[in-house]
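# Structural description and commentary
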Amino acid sequence: MDFTIQYLSFFVINVEGQGEQANKTYKHYQTLDHTSYESHALKDFLDGELMKVAKRKVEQNPKSEQVPTKIGRFVVEPGYDLDTNPNYNQFNRIRLAETSEDFKRHSEQLVYAYMDTSAIRGGALLVIRAKLNKYMDDPFVFVLKCDFEQKVASITDEKTLIHHVNRAITTKNMKSIQYPYMPEEGMVEEWELKVHQSSHARYFEDFLKFVEYNKSMPELVKHQMIEMAQQHIADTYQEASPEREQEEEFIEAWSNTPVREMQEKWTPDQVVEASAPIIEHQPEIELKLKLDHIDVRAMLSDFGECLHIAKVNGKYVIVIEGDSFTFEKGVSPVEFLKPDDLEEVLKRVGR
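One structure accompanies this document, and this report is about it.

## A closer look at the overall build of the protein
Helix and strand counts for the protein come out as 10 helices and 17 strands. Relative to the 2.2 N^0.38 estimate, which gives 20 Å for 351 residues, the radius of gyration of the protein is 28 Å and therefore markedly larger than a compact globule would have. For the protein, the C-alpha atoms occupy an extent of roughly 80 × 60 × 45 Å along the three principal directions. A burial count over the protein gives 32% of its 351 residues as buried. Within the protein, residue pairs in contact and separated by at least 24 positions form 60% of the contacts whose partners lie at least 6 positions apart. Split by element, the accessible area of the protein, about 23000 Å² in all, is 49% carbon and sulfur. Side chains of the protein carry 42 positive and 61 negative charges; the gap between the two charge centres is 7 Å.

## Remarks on the environment of Asn214
Inspection of the secondary structure assignment puts Asn214 in the loop between β13 (211-213) and α7 (217-236). You can call Asn214 partly exposed: its relative accessible area is 29%. Between the C-alpha atoms of Asn214 and Lys70, which are 144 residues apart in sequence, the distance is 8.0 Å. Look past the residues within four positions of Asn214 in its chain and what remains in contact with it is Gln60, Asn61 and Ile71.

## Overview of the pattern of salt bridges
When the charged atoms of two side chains lie near each other, side chains of opposite charge can form a pair. Counting across every chain of the model gives 13 salt bridges. A salt bridge links Glu205 to Lys70; its shortest N-O distance comes to 3.2 Å. Taken as a pair, Glu205 in helix α6 (residues 203-207) and Lys70 in strand β3 (residues 69-74) lie far apart in primary sequence, 135 residues in all. The residue Arg105 makes a salt bridge to Asp102 at a minimum N-O spacing of 2.7 Å. Residue Arg105 and its partner Asp102 are located together in helix α5 (residues 100-115), separated by three residues, close to a single helical turn. Judged by relative accessible area, Asp102 falls into the partly exposed class, the value being 23%.

## Quick notes on the nonpolar core
Phe91, Tyr114, Val127, Ile177, Leu193 and Leu208 are the most contacted members of the largest nonpolar core, which has 28 residues in total. Considering each element in turn, this core owes the most residues, five residues, to α5. Beyond its immediate sequence surroundings of up to four residues, Leu193 is in contact with Lys70, Ile71, Gly72, Phe74, Phe91, Ile177, Gln178, Tyr179, Tyr181, Leu208 and Val211. Val12, Leu46, Met136 and Phe142 belong to the second-largest nonpolar core, a separate cluster that totals 24 residues.

## Quick word on a nonpolar patch on the surface
The grouping of Phe325, Phe327, Val334 and Leu337 at the surface amounts to a nonpolar patch, some 470 Å² of accessible area in total. Mapped onto the secondary structure, Phe327 falls in the loop between β17 (315-320) and α10 (342-350).

## Thoughts on the pairing of strand β10 (residues 181-184)
The pairing of β10 with strand β11 (residues 187-189) spans two bridges and is classified as antiparallel. When the sheet's bridge partners are listed, Glu184 is paired in β11 with Met187. Between the end of β10 and the start of β11, which pair antiparallel, lie two residues, with Gly186 showing a positive phi angle near 90°.

## Side note on the packing of α7 against helix α9 (residues 268-281)
Put simply, α7 and α9 touch, their axes get as near as 11 Å, and they point 145° apart. Once α7 is placed against α9, the crossing between them reads as right-handed. Judged by residue contacts, Met217, Leu220, Val221, Gln224, Met228 and His232 of α7 engage Gln270, Ala274, Pro277, Ile278 and His281 from α9. Along the lines of polarity and charge, the residues of the contact of α7 with α9 split into seven nonpolar, four polar and no charged.

## Some remarks on the packing of aromatic side chains
Taken as a whole and assessed by the stated rule, the structure comprises 13 aromatic pairs. Geometrically, the ring pair formed by Phe11 and Tyr26 is edge-to-face, given 6.2 Å between the ring centres and 65° between the ring planes. Separated by 15 residues along the polypeptide, Phe11 in strand β1 (residues 3-16) and Tyr26 in strand β2 (residues 23-33) bring together distant segments of the chain. Exposure remark for Phe11: the relative accessible area of 0% places this residue in the buried category. Note on Phe325 and Phe327: the rings are 6.1 Å apart at their centroids and 20° apart in plane angle, and the pair reads as stacked.

## Quick notes on the environment of Asn89
By secondary structure assignment, the location of Asn89 is in helix α4 (residues 86-96). Sequence-distant contacts of Asn89, that is, excluding residues within four places in its chain, are made with Asp83 and Thr84. In terms of polar contacts, Asn89 uses its side chain to reach the backbone carbonyl oxygen of Asp83, at 2.9 Å.

## Observations concerning the layout of surface pockets
Approximately 1000 Å³ is the volume found for the second largest pocket. Along its surface, the second largest pocket is lined by 26 residues, and Ile318, Val319, Ile320, Phe325 and Val345 are the ones closest to its centre. Of all the elements in the fold, those that place two or more residues in the lining of the second largest pocket are β15 (294-299), β17 and α10. A total of five residues in the lining of the second largest pocket trace back to one element, the largest contributor, which is α10. Residue composition of the lining of the second largest pocket, by class: 16 nonpolar, three polar and seven charged.

Cut-off values and rules
- Residues numbered from 1 in each chain as written.
- Predicted model: local features only at pLDDT ≥ 70, side-chain atom pairs only at ≥ 80, totals over all residues.
- Heavy atoms only, no water.
- Helix = DSSP H or I, 4+ residues; strand = E, 2+ residues; numbered from the N terminus.
- Rg over C-alpha atoms; globule rule 2.2 N^0.38 Å.
- Buried < 20%, exposed > 50% of the residue type's maximum accessible area, 1.4 Å probe, protein only.
- Contact = heavy atoms within 4.5 Å.
- Areas by Shrake-Rupley, 256 points an atom, 1.4 Å probe, with all protein chains shown as cover.
- Lys, Arg positive; Asp, Glu negative; His and termini not counted.
- Charge placed at Lys NZ, Arg CZ, Asp CG, Glu CD.
- Salt bridge = Lys/Arg side-chain N within 4 Å of Asp/Glu carboxyl O.
- Core = buried A, V, L, I, M, F, W, Y, C linked by side-chain atoms within 4.5 Å.
- Patch = residues over 30% accessible without salt bridge, like charges linked within 9 Å, V, L, I, M, F, W, Y side chains within 5 Å.
- Pairing = 2+ DSSP bridges.
- Axes fitted to C-alpha atoms, helices over the stretch in contact; angles between N-to-C directions.
- Left-handed = near helix turned anticlockwise from the far one by under 90°.
- Nonpolar A, V, L, I, M, F, W, Y, C, P; charged D, E, K, R; others polar.
- Phe/Tyr/Trp six-rings, centres within 6.5 Å; stacked < 30°, edge-to-face > 60°.
- Polar contact = N/O pair within 3.5 Å; in protein donor to acceptor, adjacent residues only side chain to side chain.
- 1 Å grid on protein atoms, 1.4 Å probe; cavity = no way out; pocket = protein on both sides within 12 Å on 5 of 7 lines; lining within 4 Å.
- Points joined across faces, edges and corners; volume = space filled by probe spheres on them.

Dropping the structure here:
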């Protein structure tokens, strides 16, 4: 993919102090059009970077909440159009700017809004409009935040001893926003943008107040589980009965408990049935459980197929079936085991 930069505005953000008392200022250094950019030093600095941003992989439903790259979607009230979203309008004005002065003015408004977020650090912020030559004429907007890096110090004279040459910007750990999101080359989603922020401080999420993000896979599964449990309660208990109220309170408490125990409420067939829509949406979803000190890691689809859970004399038993064993780290005598028949093992467990 080859991007042609049409406009670029370069800003420097300075932050003195910390927290709510921090003094945040910015300075506009330069706005370049295509011609002036081609002969500018920034061209060498940015060559290939927009392609990296556009090609960076992102999942619709990430495996955890803390992933650095997310897809955001502009939020509007039901029945209203995209142009009622302030964040969309901000990006769209930059995208449609007809002159360098318009581009600078709209970019400056974006920087000013970004400065209002908490916990940001100083650095360079670049607002860029670029066209993807191969596929389309409609441009993209990129917002790149590069942190400052102190360059190597040099010894100057006897009085100062050490003098910092200057502050440098680097693309290492660069944060970025790309609008619109491009799920495939030549295909764009006007309602979505891609946000990448490698640090734990969620500057861009704080800045994009009218953008929502897809649930992570654990959140999605939890939401589906609560819905299924609530449906099961509705099918099992009479409305407004004490038993139903008690079960609903239990589900509420269960959903907010980080470490949970086996509840022994559903049959294996009911569990398989409840798992089916989750697996259909995400075939590779993991199943992690812990029996005393032993960790078991499998796929949810393994349950009822090659992973079974039973009880013997009040104790839990996990039966895992497969065709072969593989041992890697941690050599042990178990590798030389000649396994007993399952019946003998169950007799031993029963005793």
